Structure formats: structure tokens, C-alpha cells
Amino acid sequence: MLDTSSAVMMGSMCAASVRCYAAALKAGVLLVDLGERSLPLRHSHHRYRVDGPNGMQTLTVPLVGATNNMMTPLRDVLISEHGDWRRLHWGALYSAYGRSPYFDYVADDLSRVIHGQQRYLQEFNSQMHQVIVDFMDLPLTTRYVDAGGNIANDDGVMDLRGRIAMKKQDTLQLSNVPYYQMWKGEDGFKADLSILDLMMNMGREGILTLMAMQQTASR
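Residues numbered from 1 in each chain as written. Predicted model: local features only at pLDDT ≥ 70, side-chain atom pairs only at ≥ 80, totals over all residues. Heavy atoms only, no water.

Once that is clear, we can look at the side chain of Asp33. Topologically, Asp33 is positioned in strand β2 (residues 29-33). For Asp33, the side chain forms a polar contact with the side chain of Arg161, separated by 2.6 Å. (Helix = DSSP H or I, 4+ residues; strand = E, 2+ residues; numbered from the N terminus. Polar contact = N/O pair within 3.5 Å; in protein donor to acceptor, adjacent residues only side chain to side chain.)

This is the structure we're talking about:
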């Protein structure tokens, strides 16, 4: 039985932020709640933010049905193929990271996910997550659960459901540690991008950034 005495719980996130992965890595165990309900627009379940030659861009996986107050359990949320979004996402990623140090090493695996035939959002998200964990060689155990509204008898689990958003600053006890970014430019380092940004720019060494974010916050 998996020890969850030190774990974080999130909903199914789409290429979650660097800060999300730092929090998960610090715990060592990530619990993904597929029973989560009510997915307001501010959540990052089907959005991820990248940075490219034209600045930061938020990429969205379109969903079937309204998303402002969706009461469907996350495991049952369906992807819409409206707007040729898969081609648009791949084009945006290629534009942003095609010349980055590690794009060519992960491009095939990433392309297979983005151009896949997933019907459910959690399926797409979990495949993206696995590519990230495998390529960055993260010592992170991921368990998919159906907690729904409560976490029963799971002492030590940090519940981050509903606390992580793109439009609001999170309250995670983590520092932003600058790393090499291709498109840093005059605006300086951009924090809270998708983990894809760290992966493309730093490769497996990105784990050092994730670890430093934990250490500097505890000083």
C-alpha cells in the first residue's frame, strides 16, 4: 500500500506549472483526484502557459460543454476537437521551443500525445504528465484516486485542489528560482510557466531548479 503520509493532492492538470511540480516533488507522492467536481475557468486543468517569440501564450484544450461551473467528475470530462486545437498547440510549442536545447529529444513523445486520439481530459493530461516525469527523470510517484469532495483519513496530504490557478498567485511555500529561458528578453525571468518551459530549456537538470525552489523557501 502506498504511503501517503507526505503527499500533495491536485486535480488532473494539463502540463502543470513549474511551481506545481516543485510542490509535488517536495512531497514525493502526487495524488490526482479524478473525482473532483466544479471546474471554474480559473483552474489549470485544461490550460498551460508557454513563452515564445511573441511573448507568453496560454494554450487551452477545448472541452465538451460549459466549463464555468462544470459538475461532471473530472474523470468524465470530454475533450472537444473543435478548432483544430491539436495542430495549433503543436505549432505553438514548435514556435516556442523548436530551437531550445532539449526539444528534439522529447519532440516525438510529446507529439504522440498532442496528436493522439484521447477522448477524456484526464487521459490527455496523464499522458502529458508521464512524458514529463519520464524525460526529466523525476523521483515522483503518481497515484490516480477518486477522492471527490473529501480526503478521508489521509493525514499529511496537502490538498491543493482549487488553490492553484493561472489568474491568481498561489500560496505554495516555494520560491521562484530563475533558470535559463530562451525568450527571457528585456522583461526578465518569467515565473509560473508550464513545466514544459523548464523541461525544454534545462532538460533533466531542471530537477535542480525544482529542488532549489523548495530549499530557498525554507530559509
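The next point concerns helix α4 (residues 121-136). For α4, built from 16 residues, the straight-helix expectation of 22 Å at 1.5 Å per residue is met to within 8% by its first-to-last C-alpha distance of 23 Å. Most of α4 is tucked away, with 12 of its 16 residues classed as buried. Those residues of α4 that fall on the buried side of the exposure criterion are Leu121, Gln122, Phe124, Asn125, Ser126, Met128, His129, Val131, Ile132, Val133, Phe135 and Met136. Looking one or two residues beyond α4, the residue adopting positive phi is Asp137, at roughly 55 degrees. (Expected span 1.5 Å × (residues − 1). Buried < 20%, exposed > 50% of the residue type's maximum accessible area, 1.4 Å probe, protein only.)

With 5 of its 5 residues buried, β2 lies for the most part within the structure. Of the two faces of β2, both are covered, the one formed by Val29, Leu31 and Asp33 as well as the one formed by Leu30 and Val32. With helix α1 (residues 18-27) bridging strand β1 (residues 7-10) and its parallel neighbour β2, the resulting β-α-β unit is right-handed. Alignment of β2 against strand β5 (residues 141-145), held across 5 bridges, turns out to be parallel. The residue bridging Leu31 from the neighbouring strand is Arg143, located in β5. (Right-handed = clockwise from strand over helix to strand, strands pointing away. Pairing = 2+ DSSP bridges.)

Now for the pattern of salt bridges. Scanning the model with the defined rule gives 8 salt bridges in all. In this structure, the salt-bridge partner of Asp76 is Arg75, at a minimum N-O distance of 3.9 Å. Owing to a relative accessible area of 31%, Arg75 belongs among the partly exposed residues under this scheme. A salt bridge links Arg86 to Glu81; its shortest N-O distance comes to 3.1 Å. Under the relative-accessibility criterion, Glu81 is labelled partly exposed at 46%. Salt bridges sharing partners connect three or more residues here, namely Asp33, Asp159 and Arg161. (Salt bridge = Lys/Arg side-chain N within 4 Å of Asp/Glu carboxyl O.)

With that settled, the discussion passes to the confidence of the model for the protein chain. Here the protein chain averages 87 in pLDDT, while 85% of its residues score no lower than 70. The element-level mean pLDDT for the protein chain is lowest in strand β6 (residues 157-159), coming to 86, with helix α3 (residues 103-114) highest at 98. (pLDDT = per-residue confidence, 0-100.)

What follows deals with the pairing of β1. Sheet faces and side chains relate simply in a regular strand, where the side chains alternate between the two faces. Going residue by residue along β1, you find Ala7 and Met9 tucked away on one face and Val8 and Met10 tucked away on the opposite face as well. Across 3 bridges, β1 lies against β6 in parallel orientation. Residue pairing across strands places Val8 opposite Met158, the latter belonging to β6. Of the strand pairs in this sheet, β1 and β2 are connected by 3 bridges, and their pairing is parallel. Opposite Met10, over in β2, you have Val32 as the bridge partner.

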